[in-house]
Amino acid sequence: MHNGIEQSNQALRTWRSGRLASLLLSAAVCLSAICAIGSTAQARQPFGEFLETLWPDARDRFGVSRKTFERAVSGLKPDMTLTDLEIPGRKRKVRQAEFTRAPSQYIDSAYLGRLAKTGRRLAKTYATELSQIEDRFGVDRSIVLAIFGRETAFGAYTPKHDAIRVLATQAWIGRRKEMFREEFLYALKLLEKGVPRKKMRASWAGAMGLTQFLPSEFSSHVHDLGGDGYADLFESVPDALSSAARQLKNHGWIRGLAWGYEVRIPQSADCAYEGPAGERPFKQWIELGFERVAGRKWPDDIRDANAYLMSPAGAYGPSFLVTDNFKAIRKYNTSDLYATFVGNLADRIKGGGNFAVGWQQIGPQRTAIIRAVQQGLKDRGYPISIVDGFIGSNTRREAGQYQRASGLKVDCWPTPGLVKQLQKG
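So, here's what we can say about the structure. (Residues numbered from 1 in each chain as written. Predicted model: local features only at pLDDT ≥ 70, side-chain atom pairs only at ≥ 80, totals over all residues. Heavy atoms only, no water.)

## Considering the overall build of the protein
When its secondary structure is counted, the protein shows 18 helices and 9 strands. Burial analysis of the protein (425 residues in total) assigns 54% to the buried set. The contacts of the protein with a sequence gap of at least 6 include a subset with a gap of at least 24, amounting to 70%. Here the protein has roughly 18700 Å² of accessible surface; of this, 47% comes from carbon and sulfur atoms. (Helix = DSSP H or I, 4+ residues; strand = E, 2+ residues; numbered from the N terminus. Buried < 20%, exposed > 50% of the residue type's maximum accessible area, 1.4 Å probe, protein only. Contact = heavy atoms within 4.5 Å. Areas by Shrake-Rupley, 256 points an atom, 1.4 Å probe, with all protein chains shown as cover.)

As C-alpha cells, this is what we get:
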C-alpha cells in the first residue's frame, strides 16, 4: 500500500456553522458518522458539492466525459469507516498492519513459509514469463512473486472496497487529501478508458489489482507482457508481475543486486548507526566489524555498493545492511517491515529460510508512545521532521543516538521508559 504526501487539499474549505445542515446528503438519509460531523463546531463542504468541484479537472486534465463523471458520482456516499480519515471528534483510525503490528507479528515465519511454497509453485508455472520479465526489467523473479504474495496472497485475497467510493472519501476527508484527489481523478480516467467499475475493488487506500496499484500507477508503470494491447492487472498474472517489475525498475532497481544481508552488529557499534543518514559502502561496514550471520561470506562484487543499517525492531530483532534495491521495494510501499517481508519471502522462494536472529516479543506499535518519543527528540534538537506516531529508520536512529549520548541502554525503540527519560527537565 502507498503513503507519504502530506499536503492539504485546497478544494476542502471550512464552512460556517450556519451551514451545518447542508452536510446531510439527503434530508431523509442521515448516516451516523456524517451526522456526527454535522454536530461539530466546524463543518466541511458537503460531499456532493466537493465532488462537483473535481469535474473541471476531470474534464480538462484527464479527458473524462460528463457521462462517465456523472455515472461514477451519482448517488455516491462517503465511507466513513475507512482508515486514516480526519473526522472532528473521532480518534483517527490507523489499521495499516505495517504501522500497528509488532514486527514479530508482521514478519510471521509460518505465514511466510506458506506463501513461499505457493511462490515456488508459481515460479514453475510462469517460468517463461518470469524469464522475460527478468530480461526486460532486470528484476529478480522471486522479488516480483514476493510482491504478488505480500499484496494479495497470490490473488487469493480480493479487496472489499469500491475504489471510486474509497478515493472520493479520502479526497474529501482523509489525512492526505491532495494525494487522493489526484488518485480519484486517475480512477475516473480508468473508467473513461473502459475498465469495468466492478473490477475496481480496492484497499482502504484505493490500491487495486493482483499487485495493488494505485490509479495513477496504472498510467506510469503498467506493462502488457501478453502483447494483446491491454495490460490487465486484475486477472492476468503475467501482466501484473511484469507491471510490478516495471514499477520497481522505475523506482531505481539495480539488476543483480541483492535487497540486503542479515548482519551481526559488532560490540563496538549499535543500532543507532541505522538509517539512510548513515549510508556508506559495504567495505566501510566490513571495516567497522559488521559480519554476515551464520559465517556467510560477502559477495566479491559487493564492497563498493552502498548500504545502510536497518533494524526494524531496534535491538529486539534481526538487523540488515540494505541496498538501493531495498529502497526500490520500499517505494512500492513505504514501510521497512513491508520491504523486509518482501525481501525474506523472495529469499524463501529461492530456497532460503528464516532469519538467523529471532524477533523478540515487544508488543504492537503504540502510536501515542511513538509520537511522544518523536516530539521529545524533536524538542531536544534531534532531526525529527514529522511527528506522526509512525516508526521508521529515522525515529529508531535518533532514539538510539539520544540513548547513546545519555549513557542509556541503546535499543533504538520507543518505550514508555524512553518517553519518561525524554520528558525529564
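Once you've had a look at it, read on.
## So, the pattern of salt bridges
The tally for this structure, following the rule as stated, stands at 21 salt bridges. The partner of aspartate 57 in a salt bridge is arginine 181, with the nearest N and O atoms 3.0 Å apart. Remark: arginine 181 occurs in helix α10 (residues 177-193) and aspartate 57 occurs in helix α3 (residues 55-60); sequence separation between them is 124 residues. Residue arginine 396 pairs with glutamate 274 through a salt bridge whose shortest N-O separation is 2.6 Å. Note that arginine 396 is positioned in helix α17 (residues 393-405) and glutamate 274 in the loop between β5 (260-264) and β6 (280-281), a separation of 122 residues in sequence. (Salt bridge = Lys/Arg side-chain N within 4 Å of Asp/Glu carboxyl O.)

## What to know about the state of the cysteines
Following the criterion strictly, the structure yields 1 disulfide and no others. Two residues share a disulfide in this structure: cysteine 271 and cysteine 412, whose sulfurs sit 2.1 Å from each other. In this structure, the disulfide formed by cysteine 271 and cysteine 412 twists by about 100° around the S-S bond and is classed as right-handed. Here the residue cysteine 271 occupies a position in the loop between β5 and β6, and cysteine 412 occupies one in the loop between α17 and α18 (416-423), the gap between them amounting to 141 residues. Here the two residues cysteine 271 and cysteine 412 agree in accessibility, since each one is buried. (Disulfide = S-S within 2.5 Å.)

## What to know about helix α7 (residues 127-137)
Residues of α7 that are buried include every one of Leu130, Ile133, Glu134 and Phe137, and no others. An end-on view of α7 places all buried positions within 95° of arc, on one side of the element. The exposed residues of α7 that point more than 90 degrees off its buried face are Thr128, Asp135 and Arg136. Structurally, α7 contributes buried residues whose contacts are with α6 (109-125), α8 (141-152) and α12 (237-250). Where α7 terminates, the next one or two residues include glycine 138, which has phi positive at roughly 75°. (Arc of directions from axis to C-beta.)

## Brief notes about the sheet that holds strand β9 (residues 319-322)
A sheet is described by the order of its strands in space; here 5 strands give the open sequence β6-β8-β9-β5-β7, paired in antiparallel fashion. Every interior strand has two partners, whereas the edge strands, β6 and β7 (291-292), have only one. Across 4 bridges, the pairing between β5 and β9 is antiparallel. Looking at the pairing, valine 263 lines up with serine 319 of β9. (Pairing = 2+ DSSP bridges.)

## Examining the pairing of β5
On a regular strand, each side chain points to the face opposite its neighbour's, so the side chains alternate between the two faces of the sheet. Most of β5 sits out of view: 4 of its 5 residues are buried. With 2 bridges connecting them, β5 and β7 associate as antiparallel partners. When the bridges of β7 are listed, arginine 264 appears paired with glutamate 291.

## Things to note about the packing of aromatic side chains
Applying the stated rule across the entire model yields 21 aromatic pairs. Judged by centre distance (5.7 Å) and plane angle (25°), the ring pair of phenylalanine 218 and phenylalanine 234 falls under stacked. Linking phenylalanine 218 in helix α11 (residues 217-220) with phenylalanine 234 in the loop between α11 and α12, this pair joins segments that are 16 residues apart in sequence. Of the residues examined, phenylalanine 218 reaches a relative accessible area of 11% and is grouped as buried. Chaining the aromatic ring pairs together yields one cluster made of Trp259, Tyr308, Phe320, Phe326, Phe355 and Trp359. Sitting over the ring of tryptophan 55, arginine 66 keeps its end group 4.9 Å from the ring centre. Here arginine 280 stacks its cationic end above the ring of tryptophan 285, 4.6 Å away from the centre of that ring. (Phe/Tyr/Trp six-rings, centres within 6.5 Å; stacked < 30°, edge-to-face > 60°. Lys NZ or Arg CZ within 6 Å of the ring centre and 35° of its normal.)

## Notes on the environment of alanine 102
Assignment of secondary structure puts alanine 102 in the loop between α4 (66-73) and α5 (103-106). Judged by its relative accessible area of 2%, alanine 102 is buried. Along the chain, alanine 102 and isoleucine 362 lie 260 residues apart, while their C-alpha atoms are 6.7 Å from each other.

## A word on the pairing of β9
Residues of β9 alternate between two faces, with Ser319 and Leu321 on one and Phe320 and Val322 on the opposite face, all of them buried. As defined by bridge partners, strand β8 (residues 306-310) adjoins β9 across 3 bridges and the pair is classed as antiparallel. Its bridge partner being in β9, tyrosine 308 is matched across the sheet by valine 322.

## Here we look at the environment of valine 342
By the secondary structure assignment, valine 342 is in helix α15 (residues 336-349). Residues valine 342 and arginine 150, spaced 192 residues apart in sequence, show a C-alpha to C-alpha distance of 6.7 Å.

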